[in-house]
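# Per-entry structural report
Letter by letter, the chains look like this.
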Amino acid sequence: MTSEELLQRVRKIEIKTHGLSRNIFAGEYHSQFKGRGMAFSEVREYQPGDDVRSIDWNVTARMNRPYIKVYEEERELTVMLLVDVSGSRNFGTQSQMKRDTMAEVAATLAFSTIENNDKVGVIFFSDQVEKFIPPKKGKSHVLHIIRELLSFEPAHTGTNINAALEYLTNAQKRRCTAFLISDMITPPQPSPQGRGHVDPVVIASRKHDLSAIQIYDQRDAEMPDVGLLKVRDPETGVRVWADTSIKSVRDAYAKAWRGQQEALEEMYNKTGMNHVSMRTDEDYVKKLMQLFK
């Protein structure tokens, strides 16, 4: 892609997504996310009617009478976009590739953020963190993010969502609103360290307001009946022949997808994570509104 072509695509996506964020999502964003975070303000002496869960036991022990922690709402938010740039995003059989839908969704969220005078940053990840754009405000910053969304090429093709979530937890010390944007072909895996070790997805969802946005192609979920077909795994490079005219082959493919989706649902239930799933040929505006509501 030439620099001129890139500028044209940036301008096109800016016009489309900026309008959506301003006219449709601004109110939903504000009501859903603004002021969710709570920052410590001070301690004061306990008064009848105060929530006993707010008692600061260290201060209470020193002063020999009960004190509570007082918090105030954080009116300025930090929004982090965790964008999957693994090899599987370069696939699409309908209106566009998954990477294009991911870019539009991320751009819409980024513009919604600056419309509310908040900061937005991005973590690009494959099987490792490929690039980190620190949170900032302003339209020029969002345009920089869009350019990276459209042109960034990762060094690796695999997927490791846990690595991205661990990076988020370490990089963002204060609570933020985070969106995990991925096709979820390789969902977050349970920790190999076994019982007693808390998975990165659990830690991240406890520390931050984490939502998942799954973007997939129709053919990720079902295999068409088109006869003998040579297919390639975009993340491993492995190529195999598949006879799609055989019903049992198509059924096995669909069953594997359903099993993957069930594993995702289990993870969402475990963490309480907000989530939405959308196909590349679906109206992502409706899906994002569903997530916000």
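Moving on, we come to the sheet that holds strand β7 (residues 209-216). The sheet built from six strands is open, its strands ordered β5-β4-β3-β6-β7-β10 with mixed pairing. The open sheet has two edge strands, β5 (129-136) and β10 (274-279), and neither has a second partner. Here the average twist between neighbouring strands, direction ignored, is 15 degrees. The sheet contact formed by strand β4 (residues 119-125) and β5 spans five bridges and is antiparallel.

The next subject is the pattern of salt bridges. Following the criterion strictly, the structure yields 15 salt bridges and no others. With its nearest N and O atoms 3.0 Å apart, the salt bridge here joins R9 to D100. Linking R9 in helix α1 (residues 3-33) with D100 in helix α3 (residues 98-115), this pair joins segments that are 91 residues apart in sequence. For the salt bridge of D225 with R250, the shortest nitrogen-to-oxygen distance reads 3.6 Å. Here D225, found in the loop between α7 (218-221) and β8 (228-232), pairs with R250, found in helix α8 (residues 247-271); they are 25 residues apart in sequence, far enough to count as distant. Several salt bridges share partner residues, and in doing so they unite R11, E14 and K139 into one network.

With that settled, consider helix α9 (residues 284-292). When α9 is considered as a whole, its buried residues turn out to be Y284, V285, L288, M289, L291 and F292. For α9, the buried positions fall inside an angular range of 155 degrees around the axis, keeping them on one side. For α9, the capping residue at the N-terminal end is D283, with a side-chain oxygen 3.0 Å from the backbone nitrogen of V285.

Take the packing of aromatic side chains next. Aromatic rings considered in pairs are described by the distance between their centres and by the relative angle of their planes. Tallying each qualifying case throughout the model produces three aromatic pairs. A centroid spacing of 5.2 Å and a plane angle of 20 degrees characterise the contact between F124 and F152, whose relative ring orientation is stacked. Of this pair, F124 sits in strand β4 while F152 sits in the loop between α4 (139-151) and α5 (161-171), placing them 28 residues apart in sequence. F124 gets classed as buried once you look at its relative accessible area, which sits at 1%. A relative accessible area of 12% places F152 in the buried class.

For the α-helix, the turn length of 3.6 residues means that residues three or four positions removed from each other point alike. Among the residues making up helix α6 (residues 200-207), those that are buried are P200, V201, V202, A204 and S205. Where the residues of α6 are buried, they touch α5, β7 and α8.

Here we take up the packing of α5 against α6. The contact between α5 and α6 brings their axes to 9 Å, and the two run at 35 degrees. In this structure, the crossing between α5 and α6 has a hand that is left-handed. In this structure, α5 uses N162, L165, E166 and T169 to contact α6, whose residues at the interface are P200, V201, I203, A204 and K207.

Attention now goes to the nonpolar core. Counting residues in each nonpolar core, the largest one holds 40 residues, and the members touching the most others are L81, V83, V105, I146, F179, I181 and I213. If you tally residues by element for this core, the top one is α3, at nine residues. Beyond its immediate sequence surroundings of up to four residues, I213 is in contact with V105, L109, F179, L180, I181, S182, V276, M278, L288 and L291. Of all hydrophobic cores here, the second largest spans 21 residues; its members include L168, V201, L210 and M267.

What follows covers the packing of α6 against α8. The relative placement of two packed helices comes down to the angle between their axes together with the axis-to-axis distance. Their axes nearest at 10 Å, the elements α6 and α8 cross at an angle of 45 degrees. Classified by the angle their axes make, α6 and α8 are oblique. Between α6 and α8 lies a crossing of right-handed hand. Contacts between α6 and α8 involve V201, V202 and S205 from the first element and M267, K270 and T271 from the second. Among the residues making up the contact of α6 with α8, the classes are represented as three nonpolar, two polar and one charged.

Each pocket or cavity is described by its volume, and for the largest pocket that value is around 800 Å³. Those elements giving two or more residues to the lining of the largest pocket turn out to be α7, β8 and α8. Among the elements that take part in the lining of the largest pocket, α8 stands out by supplying four residues, more than any other. Here the lining of the largest pocket is built from residues that sort into 12 nonpolar, four polar and six charged.

Conventions adopted
Residues numbered from 1 in each chain as written. Predicted model: local features only at pLDDT ≥ 70, side-chain atom pairs only at ≥ 80, totals over all residues. Heavy atoms only, no water. Pairing = 2+ DSSP bridges. Helix = DSSP H or I, 4+ residues; strand = E, 2+ residues; numbered from the N terminus. Axes fitted to C-alpha atoms, helices over the stretch in contact; angles between N-to-C directions. Salt bridge = Lys/Arg side-chain N within 4 Å of Asp/Glu carboxyl O. Buried < 20%, exposed > 50% of the residue type's maximum accessible area, 1.4 Å probe, protein only. Arc of directions from axis to C-beta. Polar contact = N/O pair within 3.5 Å; in protein donor to acceptor, adjacent residues only side chain to side chain. Phe/Tyr/Trp six-rings, centres within 6.5 Å; stacked < 30°, edge-to-face > 60°. Contact = heavy atoms within 4.5 Å. Left-handed = near helix turned anticlockwise from the far one by under 90°. Core = buried A, V, L, I, M, F, W, Y, C linked by side-chain atoms within 4.5 Å. Parallel < 35°, antiparallel > 145°, perpendicular 65-115°, else oblique. Nonpolar A, V, L, I, M, F, W, Y, C, P; charged D, E, K, R; others polar. 1 Å grid on protein atoms, 1.4 Å probe; cavity = no way out; pocket = protein on both sides within 12 Å on 5 of 7 lines; lining within 4 Å. Points joined across faces, edges and corners; volume = space filled by probe spheres on them.

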